[in-house]
Structure formats: structure tokens, C-alpha cells
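# Breakdown of the fold
Read off the chains here:
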Amino acid sequence: MDYGTHGTASVDYADFAHDLANAVETREVDRGIALCGTGNGMAMTLNHHKGIRAGLAWNREVGALVSQHNDANVLVLPARFITLTMARLITRTWLETPFEGGRHARRIAKIPCA
């Protein structure tokens, strides 16, 4: 599913973040990937939704950790600061890295919206 913009005109990232978050919340999709310039606006917007754990990753190690330690169901990429090749590597790593559970599950349970 693609909830993103399809042109070059300026848009408000929050509109697309809400659409993606709603799709994850209603289980239309299992997980999502979001991009914006720095990734911060998307992450902030997504994380205001109940049940969303959006993790911002700029390299493979962080991509692995947002899955392994934070069980992120949305990966956020900073499009202005990574290459397409790096985006693909981060995404693959995130998708292939399982949640570790244990102490991390206890910590996630303390996040109000999780």
C-alpha cells in the first residue's frame, strides 16, 4: 500500500503520517515505512497514534535496533540524509531483525501509546 505523495508539489507530511498510522492501527497493513526530509516530523506525528511505535533510522545498526529493542511497527527514514542504497539496506535490516523481547518488552509496556 502506498499512502504517500506522488508528485513534486509541496505537501504536509502529517497528512500522510496519519493515513499510514491509521492503516497500521486498523491492521490494514502489518508495518509501515515513512519518509520525510529529516524523518523527525513523520516520527513525531506517527508516535501520537495509539499502538504506533515509529523508529527513526539513518543507518543499518539503528534500523536493527529499532526492531530488536523497540519493536517498531513503522520505520522512518530521513530522506535528505541517506542515499537510496542506504534506505534499502536499512529497510532490509529492519524487516529481517526480530524483536528481542525480554527487558525490552517491559520497557515498551511503559510507553503510554504502545
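Bear in mind the structure is a predicted one, so any value in this text is a computation, not a measurement. (Residues numbered from 1 in each chain as written. Predicted model: local features only at pLDDT ≥ 70, side-chain atom pairs only at ≥ 80, totals over all residues. Heavy atoms only, no water.)

## As for the sheet that holds strand β3 (residues 74-78)
The condition is simple: Being paired, for any two strands, means DSSP has found at least two bridges between them. Secondary structure is summarised from DSSP: a helix means a run of H or I of at least four residues, a strand means a run of E of at least two, and numbering begins at the N terminus for each. Only the stretch in contact is used when fitting a helix axis, every axis being a line fitted to C-alpha atoms; angles between N-to-C directions are given from 0 to 180 degrees. Whether two residues touch is decided by their heavy atoms; if any such pair falls within 4.5 Å, the residues are in contact.
Overall, parallel pairing links the three strands, which are arranged β1-β3-β2 in an open sheet. The open sheet is flanked by β1 (32-36) and β2 (54-56), the only strands paired with a single partner. For this sheet, the mean inter-axis angle between neighbouring strands, taken without regard to orientation, is 25 degrees. Here β1 pairs with β3 via five bridges, running parallel. Along β3, the bridge assignment pairs Leu-35 with Leu-77. Contacts between helix α1 (residues 13-25) and the sheet are confined to β1 and β3, with β1 contributing the most and set at about 175 degrees to the helix. Against the sheet, helix α4 (residues 84-96) engages β1 and β3, with an angle of about 160 degrees to β3.

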